[in-house]
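Each chain, written out:
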Amino acid sequence: MSTKETSLERCIKDLSAKNTDYKYPEQAINQAESLKSLSSDLYTDNIRFIYELIQNADDAQAKHIVLATLSGKYLVIAHNGKTFDEKDLQGLCGINNGTKKKDLNKTGYKGLGFKAVFGKSDHVLIYSNGEYFRFDASYRIQWIQQWGTIDQQTWEKENDRQFIYPWQINPVWTTENEIPHLIQTFINSRKKLMNVAYIIQLTNIEEIYSAIDQLKQQPYMFLFLRNISELTFQTQSVNIISIARHSSHGLKHVSINKQIDSQWIIKRIELDVPDDVRKKLIVDSKAPEKLQSIKRAEMFLAAKYADMNNGGIEKLSDQDSILFSYLPTKIFEYKFPVLINANFLTNVNREQIHTDSIWNQWLFEKIGCEIFQWITELVKDPKFRYQAYRLIPSYLTSMNNLLSKRFNESFTTTITNCRFILNRKNKLLKINEAMMDLTTLSNQSSFIDVNSMRQYIINNTRDSYYADYPFIDYDPNLAQIGVQQFTWEQCIDMFKSNIFLKTHSPEQNRRMIEYFYLKFSKSNSNNKDIHIEQIPFLMDQNYNLQLIKNIYFPAEIIDNNATSDSDDLFVNKIIFDWLNEKTQRVIKQWLQTLGVIERTDLSFLSKTIIPNASTYATLENTFKTIRMLFLLFQKHDIDKKELNQLKKLKLLTTGGNFLAADQCFFCDQYKPRSPLEDYLKTKEDRFLSFDYVINSNIKKGNDDLAEWRRFFIMMGVQEELHPIVFNRKLTLYEAKEYGFHDNYLLIRSPDEKHTVDAYSGLSTIAFIRHTENNHDFAKFFWSYVITNISVETLAQNIRIYWGHAGRKGATEGTQLDDDYYVSWFVKNIKCIPTTNETCELASHIFADVKELRELCGKYMIFSVITFPKDRTTWNHIFDFKTKLSSSDYFELLRQIHKDEKNIHENIDRIQMIYHHILKEIYFWSSEEQNTIKRKAKSLYLLSENGQWELACDLYVYMEGNVLNNNLNDAIPCLKLDFKHRNHLHLKQFLDLLGVKQIRMNDFKLADKQSSPAEHFRQKLIEISPFLKKWLKYLSFQSKIILEIDEKIQQDNDFIESDSLELFYHQKLVQKTNVYYDFKHKQLYIRRPCDSETTLIELPYKLCQLLNINGFEKHIRFLLKATIEEIKAHFIANSISVPTKKDIVILELSSKSESKSSTTPTTSTPLPNASNLPAAIPEPSKSDSTLTKTESSIEQQSKPTKTTDRQHQMTNTTIGKQSSYQYVPPYCPEPIYGLQQVPYPFAENCEMSSASVFIETRNAHVDDIELIDVSSITPSDVIFFENQSNGNEVLNTLDLITGRMGEEMVYKYLLDKYSHHRNSVCIKWENGHGETFKPHDILLIQNGITYFIEVKSTRTYNQHLFPLSISQIEAFSKYKENYFIYRVYVDERKFIILDNIRWRLMEKQHLSCFLKITPALPNETISS
């Protein structure tokens, strides 16, 4: 209890007055804020402030400390150490003013530790010697009026700032009456047991409970306290931690509740501080004052220890290895096998150590050597011995850390120079003087000469400094620091060395055999490091030690086949005699079970040859060995079972090398199924030498040769090409070794970031790589393979492995969808033999098909491989070309041109080539056509006179069916068969080739005595009713029939002449009987018009003129026959005979009038013509005999023709179309081809605007996609043959045609995008009825809308169709998103027109026509 003299009351009040006496309030606030930050930042965890209070108790020389919690609100830390005095109080209330600054026996020195409490509490009560004082954040000091305001509130209002004062350094005297009753009761009950108590009011008790639990779980943390020996925890339960020192070996027991928790061997070391370190400490600003005069320091090492029964000394785990500065720090990065306690300099919260501190660097330097010195002491102590090696530290890994660097340097020096390793003679050795004997044979002096053993080691080790007796037992801790080891591998080598053998006698060998028998004979013997079969311990007849597999017991009688000789190894006679003794029978039986048996050929095979198959054969023994094996085979002593085990036995090749049997093939002398040697002897040395047969001295008949083949085949020698399938995983290197091509193997992983490391499922065929550019072998190879190997054998699923180890790509791999190797090989390597005796890629070669052979002859490359009928599955592997491409045709023509000697043999072939080109050219892409155009510039073709000319210098006459030699005399003409001259795609063919095309109008006509052929015109008018009836009977289109009268009476002039001569380039080409001037629409006929020679050509020209091709025979009959003959023919063939009402007489056009004023008009004047536009005449009264319907049609469909000048002016803008048809701007159903729109349909439509007609520039369509949809059939299939031509029927059929076309396109799109249904939406707008939109189908793909208008026709060559104004607006608006599908219903094909606006602007395969339509009868067209 305190007295007046010892009471702290006055000191407390003085300190309070001093620490609150500030001249300005801002000074108080600034210091308060600093202390607040210091307290909260100083210690971040909940344990650290408890450690600081425990350290204060230890420095106060307390022996017992109590940690208790009261009412879940207070933490009490009380001890029985020294009470507070004034100096202690001053240190408590100041900073860097502690009482421990110079005291080496106390841990603290900064005077900050107690401030950590204020980071966890705003109210700390301290009891000392019966008195109380507190630090209280809620305590309000008396306001000093000198600060300028009457009170604190006024100051805060005026300064807009909260006033706080540094309560952490202001002790408040506290009377017992102010103490809560709970605390008074606790203190009063323990006054005799404790002198000092800290009562801390907590804000978060759960954190404190957690911290105290953590302390109780790691009681060894208090191991290095100087004075405290017992800690009592009174929280939810009572736990007492005690630390007791044992009398021997420096042992300390750490107990919890009197139960030992852990044991530690403590080593206290006193260190003399070197002068150089002391001098540096004096000038080191970071060194505390107490260290600047230090001469001796202490360091503690603590090794964890368990009873001998539980393992003895233990090495600390990494998580337990921390540094102590009497209490634990939070420094974990230095991993030592023991706890290290020293006066380390750390930061305030003990979380970091100062690496640049001279003091710390010196301590780390001493750690290494002190640990080894301690190991030296422990290893001599019988209680610990070799357990001490567990304390050997490792190098620290933080090499950039100065402390780690100093430790590592010291560790290197110490480990080299310190003698800490105890040998079997109890002498301490350095690390380079010791040898760990893993075999333990150095202990067996009865048969091991240790000196010989040491000498062997010295002779086989560089820079060796081994002690006289270097041997120690194996210890993993010594192995870790580099102590040398004597292994079984070295021992085996030693047993073979002369150093050992010269001191090893048979007697010693007997003891060695006995030793190994005892060591290895027991079934439960634990010898994992070595097997007895690996140790050469049996002495042979030459006094050398041999492995069991290499030595035999000597036989009583050697086989009489002379295969045993002096090369065989037998157990030494002395040893053998000893083994035969009755007492040693058990050892002999043990050796026999291990494989030491009597020597016979069979035993030699099983014991020596088979186990060593891959290494046994040499040039010296190979023939003898194979002869022995063959004799055993012939005697049936061995068969397939034994020979299969010799697949790796090396055999001699024809080239003198050794190769495993399963890698060899028979040379041709063995007469194998596949004689390969002749093809590959310069490329592969894998053919089995025939010397085995020659040197065997065994007869060599065919039967014996077959026996030799059978013998070698059982050993794995191969006699034919065969598939090789690798079901196991192959690395990239292995796959290359097996001959797989680099380009096949060097692929990227699916993520394109890695190369492939391994493969599984690879397959190939032996020697396939030698087919590359090797025609003779390739021909043999593929013929044999196709006949004898199944494709299915090679079609393996290939998986690649890639990426980092352990990842999915490396463990599971990725299956490839690409071709397997053989398939890839034929596509990428020139390996297929061809007719020109080279090897090419399969894709460049034509299949050996009769039709292709006939077409190409010797001029193209064909495969020479033949496919048996039952081996067609190979076809898809090779995928030879079965048809010529566009480029192939022209390459074929080039090759034929080069072979000028055989020109007559190739004339028919050239025409056959033209035939195929004409048939296929329509389907060539624009890219192919452009390529051909480029190539054709240098292409030579055959002319009519048998000469080769550049294609661009040749001509073709495009009219007439008769070859004209006179034309070829004038200009070089392409030699072209008659059937090709009329081909639909001839023009396209000639355009691609650059061949010039000439027509009749390109000639200059010289006519004599010409005059209008009115009698001929009258003849045509006379027969025209019969002509129309006949055409209708043959189902010609109604439009063509309706145009007959116009073409005969108005469109064309007919002129007759005495002579017609044609000139080209001022050369007479020929005389002709018929000539048509297209420009002026004049048909010239040589008199007389009805002559037989004229009638040869005239029907063809008339049929062309009237667009009725194919009617030539019929029109010839009409021209020659009388009316009666014609009628009789019609009646006989049930053709309707025309009447007067079928006769149509039209007004003669002004064109005809201007050409011949003397020609009488055949038409009557037109009444009231002034009331109508000149282009639309009224019908003649003479036409009244016509039916109402025909009259109606004729009245509205016969405009007067324009003059020549007018025609020329309007020719480029107005397409010449039939004037009687009207097409509305928009119709309720799809618009059809112009020739298909029936007139009655037009009657019901408005005529508000003119129609626009779009047609392709040529009869064929270039650069526009042609789609074949023959597999798609609309639901309403209608056949058009033999249908009535009635208007109502035509109307109905046209409507159906339109719907069929839309349905075709709709079904085609559904099929095309069937695999993209999630991203494509297709809507048939008219599927349930006409929607009157400018498009028929809507297609939405990836958010983009495409508009499709369908234009349908049943005429295959009709490329003209109308568009409404709304459709024109649509393709102008939607541009590349608007498409027109031109459907040819009967052909089941359609053309896709894209970029319509651009094509019209650029004149790319599309042109536009406007058509002026006549007014309907009830309408008047304004002038």
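Parameters at a glance
Residues numbered from 1 in each chain as written. Predicted model: local features only at pLDDT ≥ 70, side-chain atom pairs only at ≥ 80, totals over all residues. Heavy atoms only, no water. Helix = DSSP H or I, 4+ residues; strand = E, 2+ residues; numbered from the N terminus. Buried < 20%, exposed > 50% of the residue type's maximum accessible area, 1.4 Å probe, protein only. Contact = heavy atoms within 4.5 Å. Areas by Shrake-Rupley, 256 points an atom, 1.4 Å probe, with all protein chains shown as cover. Pairing = 2+ DSSP bridges. Axes fitted to C-alpha atoms, helices over the stretch in contact; angles between N-to-C directions. Parallel < 35°, antiparallel > 145°, perpendicular 65-115°, else oblique. Left-handed = near helix turned anticlockwise from the far one by under 90°. Nonpolar A, V, L, I, M, F, W, Y, C, P; charged D, E, K, R; others polar. Salt bridge = Lys/Arg side-chain N within 4 Å of Asp/Glu carboxyl O. Polar contact = N/O pair within 3.5 Å; in protein donor to acceptor, adjacent residues only side chain to side chain. Expected span 1.5 Å × (residues − 1). Phe/Tyr/Trp six-rings, centres within 6.5 Å; stacked < 30°, edge-to-face > 60°. Core = buried A, V, L, I, M, F, W, Y, C linked by side-chain atoms within 4.5 Å. pLDDT = per-residue confidence, 0-100. Arc of directions from axis to C-beta.

Time to look at the overall build of the protein. A count of helices and strands for the protein gives 51 helices and 52 strands. Counting over 1423 residues, the protein shows a buried share of 51%. A fraction of 67% describes how many contacts in the protein between residues 6 or more apart in sequence connect residues 24 or more apart. Carbon and sulfur atoms make up 48% of the accessible area of the protein, which totals about 69,600 Å².

The strand order across the open sheet built from three strands is E19-E18-E20, with neighbouring strands paired in parallel fashion. What marks the edges here is a single partner per strand, and that holds for strand E19 (471-472) and strand E20 (484-486). Across two bridges, strand E18 (residues 435-437) lies against E19 in parallel orientation. Among the inter-strand pairings, Met-435 is bridged to a residue of E19, identified as Phe-471.

What follows covers the packing of helix H42 (residues 1094-1106) against helix H43 (residues 1112-1120). The angle between the axes and the distance between the axes are what describe a pair of packed helices. Where H42 meets H43, the closest approach of the two axes is 9 Å, and the angle between their N-to-C directions is 115 degrees. What the angle tells us is that H42 and H43 run roughly perpendicular. Handedness of the crossing formed by H42 with H43: right-handed. Here Leu-1095, Leu-1098, Pro-1099, Tyr-1100, Leu-1102, Cys-1103 and Leu-1106 of H42 come into contact with H43, specifically with Glu-1112, Ile-1115, Arg-1116, Leu-1119 and Lys-1120. Its residues assigned to classes, the contact of H42 with H43 comprises nine nonpolar, no polar and three charged.

Let's shift gears to the pattern of salt bridges. Applying the stated criterion across every chain, the model contains 53 salt bridges. Among the ionic pairs, Glu-433 bridges to Arg-419, the shortest N-O distance being 2.8 Å. Here Glu-433 is found in the loop between strand E17 (428-429) and E18, whereas its partner Arg-419 is found in the loop between helix H10 (402-417) and strand E16 (421-422), with 14 residues between them in sequence. For Arg-1087, the salt bridge is made with Glu-1056, and the minimal N-O distance between the two is 3.9 Å. Linking Arg-1087 in the loop between strand E43 (1082-1086) and H42 with Glu-1056 in strand E39 (residues 1053-1057), this pair joins segments that are 31 residues apart in sequence. With relative accessibility at 19%, the residue Glu-1056 sits in the buried group.

The next point concerns the environment of Tyr-801. Along the chain, the position of Tyr-801 falls in strand E29 (residues 799-802). With ten residues separating them along the chain, Tyr-801 and Thr-811 place their C-alpha atoms 7.0 Å apart. In terms of polar contacts, Tyr-801 uses its side chain to reach the side chain of Ser-760, at 3.3 Å.

Under the 1.5 Å per step criterion, the end-to-end length of H10 is 23 Å for 16 residues, consistent within 8% with the ideal 22 Å. Every buried residue of H10 is listed here: Leu-403, Ser-404, Phe-407, Asn-408, Ser-410, Phe-411, Thr-414 and Ile-415. Its buried side turned inward, H10 meets helix H9 (358-380). N-cap assignment for H10: the residue whose side-chain oxygen lies 2.7 Å from the backbone N of Leu-403 is Asn-401.

Here we come to the packing of aromatic side chains. Working definition: an aromatic ring pair is given by the centre-to-centre distance plus the angle between the planes. Following the criterion strictly, the structure yields 91 aromatic pairs and no others. Arranged with centres 5.5 Å apart and planes meeting at 50 degrees, the rings of Tyr-957 and Phe-1003 form a pair that is tilted. Placement of Tyr-957 in strand E35 (residues 955-957) and of Phe-1003 in the loop between strand E36 (996-998) and strand E37 (1004-1008) is noted, with a sequence separation of 46 residues between them. Across this residue pair, the class does not change: Tyr-957 and Phe-1003 are buried.

Another aspect to go through is the nonpolar core. Among the nonpolar cores identified, the biggest contains 87 residues, and Phe-712, Trp-782 and Trp-874 are the most heavily contacted of them. Here this core takes eight residues from helix H27 (residues 775-788), the largest share from any one element. Ignoring sequence-local partners within four residues, the contact set of Trp-874 consists of Ile-765, Trp-782, Val-785, Ile-786, Ile-789, Val-791, Leu-794, Val-822 and Phe-867. Counting 73 residues, the second largest nonpolar core, distinct from the first, contains Phe-118, Ile-169, Val-196 and Ile-208.

What follows covers the environment of Tyr-1378. Along the chain, Tyr-1378 turns up in strand E50 (residues 1378-1384). Sequence separation between Tyr-1378 and Arg-1397 is 19 residues; the distance between their C-alpha atoms is 9.5 Å. With near-sequence residues (within four places) excluded, Tyr-1378 lies in contact with Pro-1334, His-1335, Phe-1347, Glu-1349, Gln-1367, Ala-1370, Phe-1371, Leu-1393, Asn-1395 and Ile-1396. Of the polar contacts made by the side chain of Tyr-1378, one reaches the backbone oxygen of Pro-1334; its length is 2.6 Å.

With that out of the way, let us pick up the environment of Phe-222. Secondary-structure assignment places Phe-222 in the loop between helix H7 (205-217) and strand E7 (230-234). Along the backbone, Phe-222 and Ile-243 are 21 residues apart, and their C-alpha atoms lie at a distance of 8.0 Å. Excluding residues within four positions of it along the chain, Phe-222 makes contact with Tyr-51, Ile-54, Leu-215, Leu-231, Phe-233, Ile-241, Ile-243 and Leu-327.

Here we come to the sheet that holds strand E41 (residues 1067-1071). On the basis of which strands lie adjacent, the open sheet formed by three strands has the order E37-E40-E41 and antiparallel pairing. Two strands in the sheet have a free side with no partner beyond their single neighbour: E37 and E41. Taken pair by pair, the neighbouring strands of this sheet meet at an average axis angle of 30 degrees, ignoring direction. Pairing analysis gives four bridges linking strand E40 (residues 1059-1064) to E41, with the strands arranged antiparallel. If you follow Tyr-1064 over to E41, its bridge partner there is Lys-1067.

A separate point is the pairing of strand E47 (residues 1337-1341). Note that strand E46 (residues 1320-1324) and E47 share five bridges and pair antiparallel. Residue Ile-1322 lies in a different strand from E47, and its bridge partner there is Leu-1339. Of the strand pairs in this sheet, E47 and strand E48 (residues 1344-1353) are connected by five bridges, and their pairing is antiparallel. Bridge pairing in E48 places Leu-1338 opposite Phe-1347. Turn length for the E47-E48 hairpin, with the two strands adjacent in sequence and antiparallel, is two residues, and the turn residue Asn-1342 shows positive phi of about 50 degrees.

Turning next to the confidence of the model for the protein. Per-residue confidence for the protein gives a mean pLDDT of 81; residues scoring 70 or more make up 84%. Within the model, pLDDT remains below 50 along residues 1150-1262, and this stretch shows 248 contacts once partners closer than five positions in the same chain are excluded. Low confidence marks residues 1276-1286, where pLDDT is under 50. Its contacts with residues over four positions away, or in another chain, come to 17 contacts.

Our focus in this paragraph is unusual backbone geometry. Between Arg-1087 and Pro-1088 the backbone carries a cis peptide bond, its omega angle lying at -10 degrees. Locating Pro-1088 in the fold gives a position in the loop between E43 and H42. Phi angles above zero are rare outside glycine, and Glu-837 is one such case at about 60 degrees. Here Glu-837 lies in the loop between strand E31 (832-833) and strand E32 (839-840). Even without being a glycine, Phe-1332 presents a positive backbone phi close to 60 degrees.

By the secondary structure assignment, Asp-568 is in the loop between strand E22 (545-546) and helix H16 (573-579). At a separation of 3.2 Å, a polar atom in the side chain of Asp-568 contacts the side chain of Arg-599. Setting aside its immediate chain neighbours within four residues, Asp-568 contacts Gln-541, Arg-599 and Phe-604.

Here Thr-69 lies in strand E1 (residues 64-70). Exposure remark for Thr-69: the relative accessible area of 12% places this residue in the buried category. Other than its neighbours up to four places away in sequence, Thr-69 contacts Tyr-74, Leu-75, Ile-205, Tyr-209, Ile-212, Gln-234 and Thr-235.

The subject of this paragraph is H7. With 13 residues, H7 should cover 18 Å at 1.5 Å per step; its first-to-last C-alpha distance of 19 Å lies within 8% of that length. Within the sequence span of H7, burial applies to Ile-205, Ile-208, Tyr-209, Ala-211, Ile-212, Leu-215 and Lys-216. Buried residues of H7 fall within an arc of 165 degrees about the axis and therefore sit on the same side. What points out from H7, more than 90 degrees from its buried face, is the exposed set Glu-206 and Gln-217.

Between helix H39 (residues 1014-1033) and H43, the least distance of the axes is 10 Å, while the angle of their chain directions is 130 degrees. With respect to H43, the element H39 is oriented oblique. Remark: the crossing between H39 and H43 carries right-handed chirality. Of H43, the residues touching H39 (which contributes Phe-1016, Lys-1019, Leu-1020, Ile-1023, Phe-1026, Leu-1027 and Trp-1030) are His-1114, Phe-1117, Leu-1118 and Leu-1119.

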